[in-house]
Amino acid sequence: MKLVKSLMASAVIAGSLTGAVVAQDKVTIGVSVPAADHGWTGGVNYFAQQAIDRLATTYPDVEFVFASAPDAPKQIADIEDMVSTRGIDALVILPGDPDAMTSAIKQVKDAGKFVTVVDRQLSIDGVEDLYVAGDNPGLGANAAAYIKESLPDGGNIVILRGLPIPIDQQRFDGFMAGIEGSNITVLDDEFANWNRDDGFKVMQDFLTRFPDIKAVWTQDDDISLGAIEAIKQAGREGEMFIVGGAGMQQILQAVANGDALTPVDVSYSPAMIATAIELTTSHLVGGIHVDGRYILDSTLITKDNAAEFLDPSSPF
Amino acid sequence: MSVSAPDIPAKPKRGFRLDLKTVGPLLALALLVLLGISLNENFLSYNNLTNVLARSSFIGIIAIGATFVITAGGLDLSVGSMAAVIAGVMIMVMNWLIPTMGIGWGVVIAGMATGILLGGVAGVFNGTMITRGRIEAFIVTLGTMGIFRSLVTFLADGGTLSLNFQVADVYRPVYYAGLLGVPWPIIVFALVAIGGEVVMRYTAFGRYCAAIGSNEQVARYSSINVDNVRLLTYILQGVLVGVAVLLYVPRLGSASSTTGVLWELEAIAGVIIGGTTLKGGYGRIWGTVVGVVILGLIGNILNLQSLISPYLNGAFQGVIIILAVLLQRGRKNA
């Protein structure tokens, strides 16, 4: 048994040595993201592939391994394969379920790889070398600030939430803290699962239930699109406005056109995956020091700055 | 629907006792309606009722197809993904036809025809694999469920397929408008339900489905063409998914990988709540309609109240579903 262990240990050392030697001329970066199960993750897949294509032409010595997984076990298997069979030097990962994946990602780190975590915080600190994320509490706070400013005398609002996961809670808490002390009343909040059809259903029922709604916070543009149809069906588009989030092209277009129903949006771009891949690549290729936390602002997008965020080629 | 009570087969006992198997789903529906009324005064408003029924019509139409499939001892898990891919292709076809046909009903009708045709083709594929390929229905439709879901993700490039804005405006009334104030989805749902009830009860096809589901060998010896009848149930299911999608697309004018997620489970749940047996042999279309409406009302009621934490929505749904079935099965052996 002991012999086997020491054999394995020496194999690992030998492996990492050759890995280090190889890394001098050829670098492999693994990129693992969740499958495109809604609009935002669809954007993540698109921007990841776009960044990989661009960087692969710029740096012929960098090889990328890309994998997209529908659930945590598959994503764990993906990164294990990347380490054991593809010999990656660095991992860029957007963990679908960060709590379930923390220990698997830690193993990659323990094997001496450079680890970049995107968007979702792992359950223990200090695993990743680099953390790139959007500002979830800020997304809530910016939406709250806009609604507070637009309704100086207060008023009734409803909230359509995402899925019951930490990101949603951070956004919700940020929002509730933001409207504290104002005369804004939250009539109710329900989960709409970051999904158009559910956004439509929940909004229809809110409209049935509440005769007076001044604003709707959906915190996601997919939900907004469903809610918009429900509001139009009820013929109440003159009574309220919607604040979404994420920066979907369709909504940005409406914001740019000065649509009264969607006057603003709050950015939370899936392009953050591209930022993470770029930073990781420049670290491996150019030796640039990138360790740390990069939080991309959740900017309020209005009619004035919407043009900066428009990108007709984006599928999101 | 008045024909429902007298000719239910295999009554548990003769005599005075209320036949729970028949009234069970209706009782559950009545209780749910009472709960709704007590929670919100707008529950019985015309707008709320048409909202809920129109929303339920997609699942309802699909569930009527599923009633035939399940009665004949089969299962189709692919309907949700099938709906998504049909919606996606319909949108692509309509967008593609605009330059040649211009904006108008022509494009929409071509899109609708595509939808029905695709549904039929998908049904033929499922049915052929099951009846001629001799593969378990569960496996075939689990496979096509994955295939259809990936196809729509691929076609949409991971994002969302959106119908051209002007065509969407032409198509919109199909979901939002109606006849004498009753939205089209509800009318179509009702027509499909009535047609389904007639086919299930008064045609040879309906009786063959029940015969095959209760005992395939006996059905075969009775010179029923088991394979063809089964194949037909899957084709019918596919076509009805197509019909449901025709009504779904004008609602939001888009399709993505999230379209129709878990519709298969909702449809199957609706069928079972309505009193059809999951192992086949006995099917009841009007029950399926009640089952689907129950499911629709549960979601509606949850949104109309704030007593139950939204974290517990799933639990509430689960309790109601189990209760609804318990009401009709509970005293069967008493």
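Quick caveat, the model's predicted, so the values are computed rather than measured.

Moving on, we get to the overall build of chain B. Each helix and strand in chain B was counted, giving 14 helices and four strands. A globule of 334 residues ought to have a C-alpha radius of gyration of about 20 Å, and chain B, at 20 Å, matches this closely. For the C-alpha atoms alone, the extent of chain B along its principal axes is close to 70 × 55 × 40 Å. The proportion of buried residues among the 334 residues of chain B is 50%. Long-range contacts, defined here as pairs at least 24 residues apart, represent 79% of the contacts in chain B between residues at least 6 apart.

Residues and elements named next belong to chain A. Among the five residues that make up strand S5 (residues 130-134), five are buried, leaving the element largely enclosed by the rest of the structure. The alternating pattern of S5 places Leu 130, Val 132 and Gly 134 on one face and Tyr 131 and Ala 133 on the opposite face, and all of these are buried. Note that S5 and strand S11 (residues 292-296) share five bridges and pair parallel. Within the sheet, the bridge partner assigned to Leu 130 lies in S11 and is Gly 292.

Bringing the nonpolar core into the picture now. Of all hydrophobic cores here, the largest spans 93 residues; its most connected members are B:Ile62, B:Ala83, B:Ile86, B:Ala87, B:Leu240, B:Ala244 and B:Val245. In contact with B:Val245, other than residues within four places in its own chain, are B:Ala83, B:Ile86, B:Ala87, B:Met90 and B:Gly115.

The sites that UniProt annotates as "domain: Periplasmic binding protein" (unreviewed entry) are residues 29-278 of chain A. For residues 29-278 of chain A, helix accounts for 47% and strand for 20%, while the C-alpha atoms at its two ends are 11 Å apart.

This paragraph deals with helix H8 (residues 184-202) of chain B. Residues and elements named next belong to chain B. Taking 1.5 Å of rise per residue, the 19 residues of H8 would be expected to cover 27 Å, and the 27 Å separating its terminal C-alpha atoms lies within 8% of that figure. Every buried residue of H8 is listed here: Pro 185, Ile 186, Phe 189, Val 192, Ala 193, Gly 196, Glu 197 and Met 200. The buried residues of H8 all sit within an arc of 140 degrees when viewed along its axis, so they share a single face. Opposite the packed face of H8, turned more than 90 degrees from it, sit the exposed residues Leu 191, Gly 195 and Tyr 202. If you follow the buried residues of H8, they end up packed against helix H2 (46-71), helix H7 (173-176), strand S3 (182-183), helix H9 (204-214), helix H11 (226-252) and helix H13 (285-303).

So, about the sheet that holds strand S9 (residues 241-243) of chain A. Two pairing modes exist for strands in a sheet, parallel and antiparallel, and in both the strands are linked by backbone hydrogen bonds. Residues and elements named next belong to chain A. On the basis of which strands lie adjacent, the open sheet formed by four strands has the order S7-S6-S8-S9 and parallel pairing. Pairing within the sheet leaves two strands with one partner each, and these edge strands are strand S7 (184-191) and S9. For this sheet the average axis-to-axis angle between neighbouring strands, irrespective of direction, equals 20 degrees. The pairing of strand S6 (residues 155-161) with S7 spans seven bridges and is classified as parallel. Across the sheet, residue Ile 159 finds its bridge partner in S7, namely Asp 189.

It is worth spelling out the confidence of the model for chain A at this point. Overall, the prediction assigns chain A a mean pLDDT of 86, with 92% of residues at 70 or greater. In the predicted structure, residues 11-24 of chain A sits below a pLDDT of 50 and forms four contacts with residues beyond four places in sequence or in another chain.

As a further point, take the sheet that holds S5(A). All names here are of chain A. The six strands are arranged S2-S1-S3-S4-S5-S11 in an open sheet whose pairing can be described as parallel. Of all the strands in the sheet, the pair left with one neighbour each is strand S2 (62-69) and S11. Averaged over all pairs of adjacent strands, the angle between their axes in this sheet comes to 15 degrees, without regard to strand direction. Both strand S1 (residues 27-34) and strand S3 (residues 90-93) contribute to a ladder of four bridges, which runs parallel.

Residues and elements named next belong to chain B. One can describe the packing of H2 onto H11 by two numbers: an axis separation of 8 Å at closest approach and a directional angle of 180 degrees. The angle between H2 and H11 falls in the class roughly antiparallel. Contacts from Ser 57, Phe 58, Ile 61, Ile 62, Ile 64, Gly 65, Ala 66, Phe 68 and Val 69 of H2 reach H11 at Thr 233, Tyr 234, Leu 236, Gln 237, Leu 240, Val 241, Val 243, Ala 244, Leu 247 and Tyr 248. Grouping the constituent residues of the contact of H2 with H11 by class yields 15 nonpolar, four polar and no charged.

Quick look at the environment of A:Asn142 now. Residue and element names in this part refer to chain A. With respect to the helices and strands, Asn 142 occurs in helix H5 (residues 136-150). The exposure class assigned to Asn 142 is buried, which follows from the 24 C-beta atoms found within 10 Å. Sequence separation between Asn 142 and Gly 174 is 32 residues, and the spatial gap between their C-alpha atoms is 8.6 Å.

In this section: H2(B). Residues and elements named next belong to chain B. The principal kink in H2, of about 45 degrees, is found at Ser 57. Burial analysis of H2 places 22 of its 26 residues in the buried class, which makes it a mostly covered element. Phi turns positive one or two residues past the end of H2, at Gly 73, with a value near 80 degrees.

In many reports, interface size means the accessible area that the parts give up when they come together. At the interface, 29 residues of chain A touch 26 residues of chain B. Of all the elements in the fold, those that place two or more residues in the side of chain A that touches chain B are helix H2 (39-58), S7, helix H7 (196-209) and helix H8 (221-234) of chain A. Counting residues per element, the side of chain A that touches chain B draws most heavily on H7(A), at nine residues.

A few words now on the environment of A:Ala254. Residues and elements named next belong to chain A. Structurally, Ala 254 is set in helix H9 (residues 249-256). Given 24 C-beta atoms within 10 Å, Ala 254 falls into the buried group. Between the C-alpha atoms of Ala 254 and Asp 265, which are eleven residues apart in sequence, the distance is 9.7 Å. Once residues within four sequence positions are removed from consideration, Ala 254 is found in contact with Asp 259 and Thr 262.

Let us now look at the pairing of strand S4 (residues 114-118) of chain A. All names here are of chain A. Taken across its five residues, S4 has five buried, putting it largely inside the fold. Residues of S4 alternate between two faces, with Phe 114, Thr 116 and Val 118 on one and Val 115 and Val 117 on the opposite face, all of them buried. One ladder, built from four bridges, connects S3 with S4; its direction is parallel. Paired with Ala 90 across the strands is Phe 114, a residue of S4.

Below, the discussion takes up the domain arrangement of chain A. All names here are of chain A. Each domain of chain A was delimited in the assignment, giving domain 1 (2-135 + 270-297) and domain 2 (136-266). Here domain 1 and domain 2 have C-alpha centroids that lie 34 Å from each other. Listed by partner, the interface residues are seven residues for domain 1 and ten residues for domain 2. Taken together, the residues of the side of domain 1 that touches domain 2 sort by class into one nonpolar, three polar and three charged.

The rules behind these values
- Numbers given to residues run from 1 along each chain, matching the order in which its sequence is written.
- Naming scheme: in the order in which they are written, chains are lettered from A and ligands are numbered from 1.
- Totals for whole chains, interfaces and linings use every residue, but because this is a predicted model, local features are given only for residues with pLDDT of at least 70 and side-chain atom pairs only at 80 or more, for both listing and counting.
- In DSSP terms, a helix is any run of H or I states spanning at least four residues, a strand is any run of E spanning at least two, and both are numbered starting from the N terminus.
- Here the globule rule reads 2.2 Å times residues to the power 0.38, and the radius of gyration is calculated from C-alpha atoms.
- Using C-beta atoms placed from the backbone, we call a residue buried if 20 or more other C-beta atoms fall within 10 Å of its own, exposed if 12 or fewer do, and partly exposed for counts in between.
- C-beta atoms are placed from the backbone for every residue, and two residues are taken to be in contact when these atoms lie within 7 Å.
- Two strands make a pair as long as DSSP finds a minimum of two bridges between them.
- When buried Ala, Val, Leu, Ile, Met, Phe, Trp, Tyr and Cys residues are joined through C-beta atoms within 7 Å, the set is termed a nonpolar core.
- UniProt positions are given in the numbering used here, feature names are shortened, and annotations may be inferred rather than shown by experiment.
- Expected span of a helix: the number of residues minus one, times 1.5 Å.
- Note that the arc is defined by the directions from the helix axis to the C-beta atoms.
- All axes here are fitted lines through C-alpha atoms, helices being fitted over the stretch that makes contact, and every angle between N-to-C directions spans 0 to 180 degrees.
- A residue's pLDDT is the confidence the predictor assigns to it, expressed on a 0 to 100 scale.
- Every angle not falling under 35 degrees, over 145, or within 65 to 115 is termed oblique; those three ranges are roughly parallel, roughly antiparallel and roughly perpendicular.
- Any residue that is not Ala, Val, Leu, Ile, Met, Phe, Trp, Tyr, Cys, Pro, Asp, Glu, Lys or Arg is counted as polar, Gly included; the first ten are nonpolar and the last four charged.
- To get the bend at any residue, fit one axis to the seven residues that end at it and another to the seven that begin at it, then take the angle between the two axes.
- Each domain's extent is set by a domain assignment, obtained either automatically or from a database.

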